[in-house]
Amino acid sequence: MLAQSFVSILPRLSEKEMIETAKIHSIAGELESSAAATLTRPFRAPHHSASHIALIGGGKEAGPGEITLAHNGVLFLDEFPEFQRNVIEALRQPMESGKVIVSRAAGSFNYPARFILVATKNPCPCGWYRSDQRECVCAMTQIINYQKKISGPIADRIDIHIEAQKVDYERLASPDEEARSMAIRKRVERARASQEKRFQKEKSAHTNARMSPRQIKAYCPLDKESQQTLKNAVESLKLSARAYHKIIKIARTIADLEESENIGFNHIAEAIQYQPRG
Ligand SMILES: [Zn+2]
């Protein structure tokens, strides 16, 4: 539910995105949904029992998988560690490049797959590890195996990690919440517009998320205090170079949402909070 309402705060599809999205959905034979797909961003929520072919694409027809159907939209993987290990690992390349190569005997096909991944995970298979409400019934080895299912490289490619409480469904479904979503979308669209302006001379990036290390250097200067805080976080949390860049990109986006021209210490500090800790 929370993930589904996430789509309502995303910026509306551009004309180019609408055409792309409609094309993909008609290739996949989802003609009846292609009309709706041109208006809203796709939201795909495959079950954790889904096969490699269903998720990534391929098969006899080398058809697009869920990750391609989620292009320009949201791919929601509930109970992420319950997915097959080879499926989880196969997400690494598309998360990186926004594309997926699907091969079959006749040759290989290149499909777009630039989605926002929203994934959930419990602390353990039964869901109650470290809870004060109920006792966890899992064996320690089960808990470790479950946690390990999301490998370091995959976790490293997820920008924002948040520990969430069980959210009251009624509050989420209330009209108040709808009005709030609309207000948030306006802020998101404003932040997007300032990013487009920032990158108007660039060919490769039009959003903060897609900045290269060179562009991060050029567009995201940090003051001394922020630099020091980031350096301390990298050392104490043992963060990768990727995570270092990720934090700056997230901080840039937080600053954009606040319509702040410069990245401040508070933006960097908030972005560090979203990194996973051991
Ligand atoms: Zn448990």
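Quick caveat, the model's predicted, so the values are computed rather than measured.

The strand order across the open sheet formed by three strands is S1-S4-S7, and the pairing between neighbours is parallel. Of all strands in the sheet, those with a lone pairing partner are strand S1 (43–44) and strand S7 (116–119), marking the two edges. Where S1 meets strand S4 (residues 74–77), two bridges bridge the pair, whose relative direction is parallel. Residue pairing for S4: Phe43 is matched across the bridge by Val74.

Across the interface, helix H11 (residues 175–198) lies against helix H14 (residues 241–257) with an axial gap of 8 Å and an inter-helix angle of 115°. Crossing of H11 against H14: the hand is right-handed. Of the residues in H14, those in contact with Arg187, Val188, Ala191, Ser194, Gln195 and Arg198 of H11 are Arg252, Thr253, Asp256 and Leu257. Considered class by class, the residues forming the contact of H11 with H14 number three nonpolar, three polar and four charged.

Now for the coordination of the zinc ion. Taken together, the protein ligands of the zinc ion are Cys124 (SG), Cys126 (SG), Cys136 (SG) and Cys138 (SG), with distances of 2.2 to 2.4 Å. Considering all four donor atoms around the zinc ion, angles at the metal cover 106 to 113° and the coordination shape is tetrahedral. Each donor residue of the zinc ion belongs to the same chain, with the gaps between them written as C-x1-C-x9-C-x1-C. With Cys126 in the loop between S7 and helix H8 (140–148) and Cys138 in the loop between S7 and H8, the pair connects residues that are 12 residues apart, well separated along the chain. On the basis of relative accessible area, Cys126 is assigned to the partly exposed category, the value being 25%.

Moving on to the packing of H14 against helix H15 (residues 265–273). Their axes nearest at 8 Å, the elements H14 and H15 cross at an angle of 125°. The pairing of H14 with H15 is recorded here as oblique in orientation. Crossing angle aside, the handedness with which H14 passes H15 is right-handed. Residues Ile247, Ile250, Ala251, Ile254 and Ala255 of H14 pack against His267, Ile268, Glu270, Ala271 and Ile272 of H15. Its residues placed into classes, the contact of H14 with H15 shows eight nonpolar, one polar and one charged.

In this structure the tally under the stated criterion is four aromatic pairs. An angle of 15° between the planes, with centres 6.4 Å apart, marks the rings of Phe109 and Tyr111 as stacked. Looking at Tyr111, the relative accessible area reads 12%, which means it is buried.

Unlike most non-glycine residues, Arg130 shows phi in positive territory, near 65°. In this fold, Arg130 is placed in the loop between S7 and H8. Even without a glycine there, the phi angle at Glu259 is positive, about 55°. By the secondary structure assignment, Glu259 is in the loop between H14 and H15. Classification of Glu259 as exposed rests on a relative accessible area of 57%.

With that settled, the discussion passes to the domain arrangement of the protein chain. Segmenting the protein chain into domains produces domain 1 (2–121) and domain 2 (185–273). Distance between the C-alpha centres of domain 1 and domain 2: 26 Å. At the interface, eight residues of domain 1 touch six residues of domain 2. Interface area lost by domain 1 to domain 2 is led by Pro11, Arg12 and Arg114, which between them contribute 57%. Across the contact surface, domain 1 and domain 2 share two salt bridges. Applying the counting criterion to the domain 1 and domain 2 interface returns four residue pairs in polar contact (both at pLDDT 80 or more). When the residues that make up the side of domain 1 that touches domain 2 are grouped by side-chain class, the tally is four nonpolar, one polar and three charged.

Scoring rules and cut-offs
- Residues numbered from 1 in each chain as written.
- Predicted model: local features only at pLDDT ≥ 70, side-chain atom pairs only at ≥ 80, totals over all residues.
- Heavy atoms only, no water.
- Pairing = 2+ DSSP bridges.
- Helix = DSSP H or I, 4+ residues; strand = E, 2+ residues; numbered from the N terminus.
- Axes fitted to C-alpha atoms, helices over the stretch in contact; angles between N-to-C directions.
- Left-handed = near helix turned anticlockwise from the far one by under 90°.
- Contact = heavy atoms within 4.5 Å.
- Nonpolar A, V, L, I, M, F, W, Y, C, P; charged D, E, K, R; others polar.
- Donors = N, O, S within 2.8 Å, 3.2 Å for Na, K, Ca; no water.
- Tetrahedral: all angles 85-135°; square planar, octahedral: opposite > 155°, others 65-115°.
- Buried < 20%, exposed > 50% of the residue type's maximum accessible area, 1.4 Å probe, protein only.
- Parallel < 35°, antiparallel > 145°, perpendicular 65-115°, else oblique.
- Phe/Tyr/Trp six-rings, centres within 6.5 Å; stacked < 30°, edge-to-face > 60°.
- Domains from an automatic or database assignment.
- Buried area = accessible area lost by both parts, 1.4 Å probe.
- Salt bridge = Lys/Arg side-chain N within 4 Å of Asp/Glu carboxyl O.
- Polar contact = N/O pair within 3.5 Å; in protein donor to acceptor, adjacent residues only side chain to side chain.

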